[in-house]
Amino acid sequence: MTIQEIKTVGIIGAGQMGSGIAHVCALAGYDVHMVDISQEQLTSALSIIKKNMQRQASKGKIAKSEMEAALPRIRNSVEMESLAQCDVVIEAATENEEIKKDIFRKVCPLLKPEAILCSNTSSISITRLAAVTKRPGQFMGMHFMNPVPVMQLVELIRGIATEEPTYQLIKDMTAKLGKTSASSEDFPAFIVNRILLPMINEAVYTLYEGVGTVDSIDTAMRLGANHPMGPLELADFIGLDTCLAIMHVLYDGLADTKYRPCPLLVKYVEAGWVGKKAGRGFYDYGGEVPVPTR
């Protein structure tokens, strides 16, 4: 059984990624049901969505009427049961396989039989996540980039059991969101992070080995490779804990020493210096201007 048209989208997780996905789905005309275990997080997410839409409207990226129509489409709840009538449910929880599997085990029995399940995982096997559900044919990866309202790409990942109608419906939905899709096979970290995270890890090794300072490494890659952000600044933006988690997925999944996480990256995460969200990573964000920590 396959749904013919997607009208209602459920989102599990009201963090940075979940709120961004809710933002673009509501603007595209979908009814959105956002679920999180914390009502405080949901309230914060709705406030951020409104602020970001207002910024878009002030810059002429969207019409004020589009914003006014989109915001009431977003409903929130701490109850998974509120997702019961959704056509598609996108999981956007923390990048931890066991947490994601637990979510899918709980939500799957609550959904209508034809509903599609997607994960916004940036690295974890879609096939393994799908295997804990009763609908692996209606399961796939839908990896949005951060920040979702700005970034144009969505990686679409089919697990071994994903059926073609599921893939086509999600591909069409991605286009309706105004995003470009790139299809990836289900191998560790997919395309973007398979290439990006080893580069970041190598930048941390370059710092660890004393080849350059934080400032010189980031300046070199911004001006020498024309990257909009240096790799260490980008790591802070992504979150060093997320970077480390993805490197572990690559190292464990491909068993190649070139994916070994840099010990300095491990130390920063152990210290709780996980980047911008913590106020400190490779840069200290306590003042008006970020200051390198090494």
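Since the structure is predicted, the reported quantities are computational estimates derived from the model, not experimental observations.

J.: Explanation requested: the nonpolar core in the structure shown.
T.: In a soluble, globular protein the nonpolar side chains are often hidden away together inside. Among the nonpolar cores identified, the biggest contains 39 residues, and I6, I90, M142, F144, I170, M173 and L177 are the most heavily contacted of them. Looking at which element gives the most residues to this core, the answer is helix α1 (residues 16-27), with 6 residues. Here I6 is in contact with Y30, D87, V88, L169, I170 and M173, once residues within four sequence places are set aside.

J.: When you look at helix α8 (residues 214-224) in this model, what are you seeing that I'm missing?
T.: A turn of α-helix holds 3.6 residues, and therefore any two residues three or four places apart point the same way. Within the span of α8, buried status applies to V214, I217 and D218. One side of α8 holds all its buried residues, which, seen down the axis, span an arc of 90 degrees. Facing away from the buried side of α8 by more than 90 degrees, the exposed set consists of L223 and G224. Those residues of α8 that are buried are in contact with α7 (192-208), α9 (231-238), β9 (283-284) and β10 (291-292). Positive phi shows up at N226, right after α8, with a value of about 60 degrees.

J.: Whenever I open this one, the sheet that holds strand β8 (residues 180-184) confuses me. Can you help?
T.: Hydrogen bonds between backbone atoms are what pair the strands of a sheet, whose relative direction is either parallel or antiparallel. Read from one edge to the other, the open sheet built from 8 strands follows the order β3-β2-β1-β4-β5-β6-β7-β8, with strand pairing classed as mixed. This sheet does not close on itself; its edge strands, each paired only once, are β3 (74-77) and β8. Each strand of the sheet is rotated relative to its neighbour by a mean of 25 degrees, with strand direction disregarded. Bridge analysis of strand β1 (residues 8-12) against strand β4 (residues 88-91) gives 4 bridges, and the strand direction is parallel. Bridge pairing in β4 links V9 to V88. Relative to strand β2 (residues 31-35), α1 is tilted by about 170 degrees, and along the sheet it contacts β1, β2, β3, β4 and β6 (139-144).

J.: Please clarify how the packing of α8 against α9 should be interpreted in this entry.
T.: For any two helices packed against each other, one specifies the crossing angle of their axes together with the interaxial distance. Packing of α8 against α9 brings their axes to within 7 Å, and their N-to-C directions diverge by 100 degrees. When the axes of α8 and α9 are compared, the pair comes out roughly perpendicular. Contacts from V214, I217, D218, M221 and R222 of α8 reach α9 at P231, L232 and E233. A class-by-class count of the residues in the contact of α8 with α9 yields 5 nonpolar, no polar and 3 charged.

J.: Teacher, can you tell me more about the packing of helix α10 (residues 240-254) against helix α11 (residues 263-270) here?
T.: Where α10 contacts α11, the two axes come as close as 9 Å, and the packing angle between them is 135 degrees. Between α10 and α11, the angle falls in the class oblique. Once α10 is placed against α11, the crossing between them reads as left-handed. Of the residues in α11, those touching α10 at L240, D241, C243 and L244 are L265, V266, Y268 and V269. For the contact of α10 with α11, the per-class residue count stands at 7 nonpolar, no polar and 1 charged.

J.: What's the story with the pairing of β1 in this structure? I'm lost.
T.: Remark: a regular strand shows side chains that alternate across the two faces of the sheet. Most of β1 is tucked away, with 5 of its 5 residues classed as buried. Covered by surrounding structure in β1 are T8, G10 and I12 together with V9 and I11, the residues of both alternating faces. Here 5 bridges tie β1 to β2, and the two strands are oriented parallel to one another. The partner of V9 across the bridge, within β2, is V32.

J.: What's the story with the UniProt feature "domain: 3-hydroxyacyl-CoA dehydrogenase C-terminal" (unreviewed entry) in the protein chain in this structure? I'm lost.
T.: UniProt marks residues 190-285 with the feature "domain: 3-hydroxyacyl-CoA dehydrogenase C-terminal" (unreviewed entry), using the numbering shown here. Taken end to end, residues 190-285 has its terminal C-alpha atoms 31 Å apart, with 61% of it in helix and 2% in strand.

J.: What is the right way to read unusual backbone geometry from this model?
T.: Trans is the common state for peptide bonds, and a negative phi is the common state for residues other than glycine. For the peptide bond that leads from N146 to P147, omega is 0 degrees, which places it in the cis range. Even without being glycine, F190 reaches a positive phi, approximately 60 degrees. Its place among the elements puts F190 in the loop between β8 and α7. Residue F190 is classed as buried on the basis of its relative accessible area, which comes to 4%. Of note in this structure, N226 is not a glycine but carries a positive phi near 60 degrees. Here N226 lies in the loop between α8 and α9.

Parameters at a glance
Residues numbered from 1 in each chain as written. Predicted model: local features only at pLDDT ≥ 70, side-chain atom pairs only at ≥ 80, totals over all residues. Heavy atoms only, no water. Core = buried A, V, L, I, M, F, W, Y, C linked by side-chain atoms within 4.5 Å. Buried < 20%, exposed > 50% of the residue type's maximum accessible area, 1.4 Å probe, protein only. Helix = DSSP H or I, 4+ residues; strand = E, 2+ residues; numbered from the N terminus. Contact = heavy atoms within 4.5 Å. Arc of directions from axis to C-beta. Pairing = 2+ DSSP bridges. Axes fitted to C-alpha atoms, helices over the stretch in contact; angles between N-to-C directions. Parallel < 35°, antiparallel > 145°, perpendicular 65-115°, else oblique. Nonpolar A, V, L, I, M, F, W, Y, C, P; charged D, E, K, R; others polar. Left-handed = near helix turned anticlockwise from the far one by under 90°. UniProt positions renumbered as here; feature names shortened; annotations may be inferred.

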